[in-house]
Amino acid sequence: MSRPLDPERRRFLRGTGAALLGASALPACSLVTQRGNSSPPERFEGRLVVSTWNFGMAANAAAWSALQSGVPHPVYAAAAGARVPEADPAVTSVGYGGSPNAKGVMELDACVMRGDNLACGGVAGLRGFAHPVSVALDVMDHTPHVLLVGEGAGEFAASRGHEQRDLLSAEAAARYAKWQTKQERPAPIDDHDTIGLITLDNGHFGMAVTTSGWAFKLPGRVGDSPIIGAGGYCDNEAGACVATGTGEEMIRHVAAFAVVEQMRNGLSAKQAAVAVLARIRRNFRARDMNTMVALLAVDTSGGVAGVCTTKNFEFAVHDEDHGGVLHPGEHLAP
Ligand code: GLY
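Residue numbering note: each chain is counted from 1, following its sequence as written. Local features in this predicted model are restricted to residues of pLDDT 70 or higher, and side-chain atom pairs are both shown and tallied only at a pLDDT of 80 or more, whereas totals for entire chains, interfaces and linings draw on every residue. The basis for every side-chain value is the complete set of heavy atoms in the structure, and neither hydrogens nor water enter the calculation.

1. Some thoughts on the site of the ligand
So, step 1. Thr194, Arg221, Asp224, Gly245 and Gly247 are the nearest of the ten residues found near the ligand.
So, step 2. For the ligand, a nitrogen atom lies 3.0 Å from a polar atom in the side chain of Thr194.
So, step 3. Against a free-state accessible area of 190 Å², the protein chains account for coverage of 100% of the ligand.
So, step 4. When atoms are counted within 2 Å of each cavity's grid points, the one that captures over half of the ligand is the largest cavity.
So, step 5. Residue polarity is assigned by list, with Asp, Glu, Lys and Arg as charged and Ala, Val, Leu, Ile, Met, Phe, Trp, Tyr, Cys and Pro as nonpolar; anything else, Gly included, falls into the polar class. Residues of the shell around the ligand, tallied by class, amount to one nonpolar, seven polar and two charged. What makes a residue near a molecule or strand is one non-hydrogen atom of that residue sitting within 4 Å of it. Two N or O atoms form a polar contact when they lie within 3.5 Å of each other; inside protein one atom must be a possible hydrogen donor and the other a possible acceptor, and for residues adjacent in sequence the pair counts only when both atoms belong to side chains. Residue exposure ignores everything except the shown protein chains as possible cover, and the areas themselves are Shrake-Rupley values with a 1.4 Å probe. Using a grid of 1 Å spacing that covers the protein atoms alone, one calls a set of points a cavity when a 1.4 Å probe fits there but cannot get out, and a pocket when the set is open and has protein on both sides within 12 Å along at least five of seven lines; lining residues are those with an atom within 4 Å of a point. The rule for placing a molecule in a cavity or pocket is simple: more than half of its atoms must lie within 2 Å of the grid points.

2. What about a nonpolar patch on the surface?
So, step 1. Taken together, the side chains of Val146, Leu147 and Val149 present a nonpolar region at the surface, about 230 Å² in accessible area.
So, step 2. The secondary structure listing takes helices from DSSP runs of H or I that are at least 4 residues long and strands from runs of E that are at least 2 residues long, numbered from the N terminus. Among the structural elements, Leu147 can be located in strand β5 (residues 147-149).
So, step 3. Owing to a relative accessible area of 37%, Leu147 belongs among the partly exposed residues under this scheme. Surface patches are defined over residues having more than 30% relative accessible area and no salt bridge, joining like charges when they lie within 9 Å and nonpolar side chains (Val, Leu, Ile, Met, Phe, Trp, Tyr) when within 5 Å. By definition here, a salt bridge exists when the distance from a side-chain nitrogen of Lys or Arg to a carboxyl oxygen of Asp or Glu is within 4 Å. When a residue's accessible area, from a 1.4 Å probe over protein chains only, is under 20% of the maximum for its type it is buried; when over 50% it is exposed; and in between it is partly exposed.

3. Some words on the packing of aromatic side chains
So, step 1. Aromatic contacts are taken between Phe, Tyr and Trp rings whose centres are within 6.5 Å, Trp giving its six-membered ring; a plane angle under 30 degrees counts as stacked, one over 60 as edge-to-face, and the others as tilted. On inspection of all chains with the given rule, the structure shows six aromatic pairs.
So, step 2. Residues Trp53 and Phe313 carry aromatic rings whose centres are separated by 5.0 Å and whose planes lie at 90° to one another, so their mutual orientation is edge-to-face. Residue Trp53 is located in the loop between β2 (48-52) and α2 (56-68), and its partner Phe313 is located in the loop between β11 (304-308) and β12 (314-319); the two are separated by 260 residues in the primary sequence.
So, step 3. On the basis of relative accessibility, which here comes to 0%, the residue Phe313 falls in the buried class.
So, step 4. Look at Tyr176 and Phe216: their rings are 6.1 Å apart centre to centre, the planes differ by 50°, and that puts the pair in the tilted class.

4. Digging into empty space enclosed by the protein
So, step 1. Grid points are joined across faces, edges and corners, and a volume is the space filled by probe spheres set on the points. Enumeration according to the criterion identifies one cavity of 30 Å³ or more in this entry.
So, step 2. Reported here for the largest cavity is a volume of approximately 40 Å³.
So, step 3. Here the residues of the lining of the largest cavity sort into one nonpolar, eight polar and three charged.

5. Let's talk about the pattern of salt bridges
So, step 1. A full pass over the atoms with the stated rule returns ten salt bridges.
So, step 2. Among the salt bridges present, the one from Arg264 reaches Asp235, with a minimum N-O distance of 2.8 Å. Of the two residues, Arg264 is situated in helix α8 (residues 255-264) and Asp235 in strand β8 (residues 232-235); the sequence distance between them amounts to 29 residues.
So, step 3. For Arg264, a relative accessible area of 25% corresponds to the partly exposed category.

6. Observations concerning the side chain of Thr291
So, step 1. Within the element layout of this structure, Thr291 appears in the loop between α9 (269-286) and β10 (293-299).
So, step 2. Among the polar contacts made by the side chain of Thr291, one reaches the side chain of Thr246 at a distance of 2.6 Å.

7. Quick notes on the sheet that holds β5
So, step 1. Spatially, β5-β4-β3-β7-β6-β2-β12-β13 is the arrangement adopted by the eight strands of the open sheet, whose pairing is mixed. Looking at the sheet topology across the chains shown, the edges are occupied by β5 and β13 (323-328). Geometrically, the sheet is characterised by an average inter-axis angle of 10° between neighbouring strands, direction not taken into account.
So, step 2. Direction of pairing for strand β6 (residues 195-201) relative to strand β7 (residues 204-211): antiparallel, over a ladder of seven bridges. Strand pairing is assigned whenever DSSP identifies at least 2 bridges connecting the two strands. To define axes, lines are fitted to C-alpha atoms, for helices over the stretch in contact only, and angles between the resulting N-to-C directions are given on a 0 to 180 degree scale.

8. Observations regarding the packing of α8 against α9
So, step 1. The contact between α8 and α9 brings their axes to 8 Å, and the two run at 140°. Here α9 runs oblique to α8, going by the angle between their axes. For the element pair α8 and α9, the recorded crossing hand is right-handed. The segment α8 lies against α9, with Ala255, Ala258, Val259, Gln262 and Met263 engaging Ala269, Ala272, Ala273, Ala275, Val276, Arg279 and Ile280.
So, step 2. When the residues that make up the contact of α8 with α9 are grouped by side-chain class, the tally is ten nonpolar, one polar and one charged. Reported orientations rely on four angle classes, namely roughly parallel under 35 degrees, roughly antiparallel over 145, roughly perpendicular from 65 to 115, and oblique for the rest. Crossings are sorted by hand: turned counterclockwise from the far helix by less than a right angle, the near helix makes the crossing left-handed, and turned clockwise it makes it right-handed. Any two residues whose heavy atoms approach within 4.5 Å are treated as being in contact.

9. Brief notes about the pairing of strand β9 (residues 239-245)
So, step 1. Of all seven residues that make up β9, seven are buried, and the element is covered over most of its length.
So, step 2. Of the two faces of β9, the one lined by Gly239, Cys241, Ala243 and Gly245 and the one lined by Ala240, Val242 and Thr244 are each fully buried.
So, step 3. Across four bridges, the pairing between β8 and β9 is antiparallel. Bridge pairing in β9 places Asp235 opposite Gly239.
So, step 4. Between β8 and β9, which pair antiparallel and follow one another directly, the connecting turn spans three residues.
So, step 5. Here seven bridges tie β9 to β10, and the two strands are oriented antiparallel to one another.

None of the figures reported here should be taken as evidence of function without further support.
What follows is the structure in C-alpha cells.
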C-alpha cells in the first residue's frame with residue numbers, strides 16, 4: 001500500500017483550507033441532533049469501521065473481524081461487512097430479501113474502492129448472485145474495467161464462480177404482490193436504505209456499498225450505489241464518503257466525490273457533508289421535491305459525520321476503544 005498523506009500536513013491543510021474557504025463557502029444551514037442516543041466522539045483514533053443504518057452494526061462487526069485478521073487492504077474488510085446484510089433476509093433493501101423491480105425481478109447494485117491507489121469496481125443490475133459486493137471486488141481485482149452491468153455482469157460473475165441464488169424472499173414477494181394490487185403504483189421513493197461501509201486502517205481507506213435499490217423501480221434503473229463518486233468514494237489523501245437514500249440525487253451531485261473533494265480542500269467530515277447535503281436539498285427543493293438523502297463521511301483525522309435531509313438516519317461505528325456503537329444522524333434544520 002502506498003503512503004497516505006502525512007497527518008501533520010493534513011491538519012495544516014484542514015486549518016488553512018477551511019479558513020481560505022471561509023464561512024461564505026458553506027451554506028447557511030444548521031444541524032439538528034436527534035436526542036436519546038450518544039453522539040460520536042469528535043475524532044476516532046486507530047482502526048475504524050463505519051456504516052449506514054442499524055443493520056450496519058452486524059456488518060461492522062464482520063468488517064472489524066476481517067480488519068483484525070489482517071486482510072491485505074481495508075477494502076476487503078468493508079466487503080466482508082457488506083456481505084452480512086446481503087445474506088440477511090430481514091434487511092429489506094440489500095441483497096437476498098431486498099425489494100425487486102416493477103416486474104418482480106431482483107436487480108442488485110454494488111461497488112468497492114481503495115483509497116491508496118483509487119482501484120475500484122462495481123456491478124449494476126446484477127441478477128441472481130448472492131453477493132454483488134464480491135463480484136464488484138472481482139471487477140476491481142480481475143478486470144481492467146470499473147463497472148459491469150446486467151447480463152455482462154452476470155456472465156462475469158458466473159465465470160468467476162460466484163454463488164448463484166434466487167434472491168426474492170417470500171416476504172419480498174409478498175411486499176411486491178401487495179404493491180401490485182394498488183390502483184396507482186408509484187415506486188416508494190424513500191424505500192432504499194443502502195448499506196455503505198468505510199474502513200480505515202493506519203491511514204488507509206476502503207469503501208463498499210451494496211443495495212437492491214429503489215423498491216419496485218423501473219427495470220434497468222441504476223442508482224448511485226454502483227457508481228464511483230456518486231454512492232461512494234475514498235482517497236487516502238482526503239477522506240471517504242458513502243451515501244444512502246434517493247440515488248438520483250447522489251448521481252446529479254456526484255455526492256460522495258463532492259464530499260471527499262471538500263475534505264481535500266480542508267473541511268472536516270462534518271463541514272464537508274453538510275455543505276454538499278445542503279446543496280442537494282436546495283436543488284431538489286427547487287424541483288418541488290422532498291426526499292431522504294444521507295451522507296456518511298470520515299476525514300483523515302478520524303472525524304466522522306452522518307448527516308441526513310430527514311430524521312431517523314442512524315449510523316454504526318466500530319473501533320477499539322468503544323466497540324460497536326449505533327449513533328443518531330444529524331439532520332438539516334428545516
Ligand atoms: N441509494 C440507493 C439507490 O438509490 O439505489
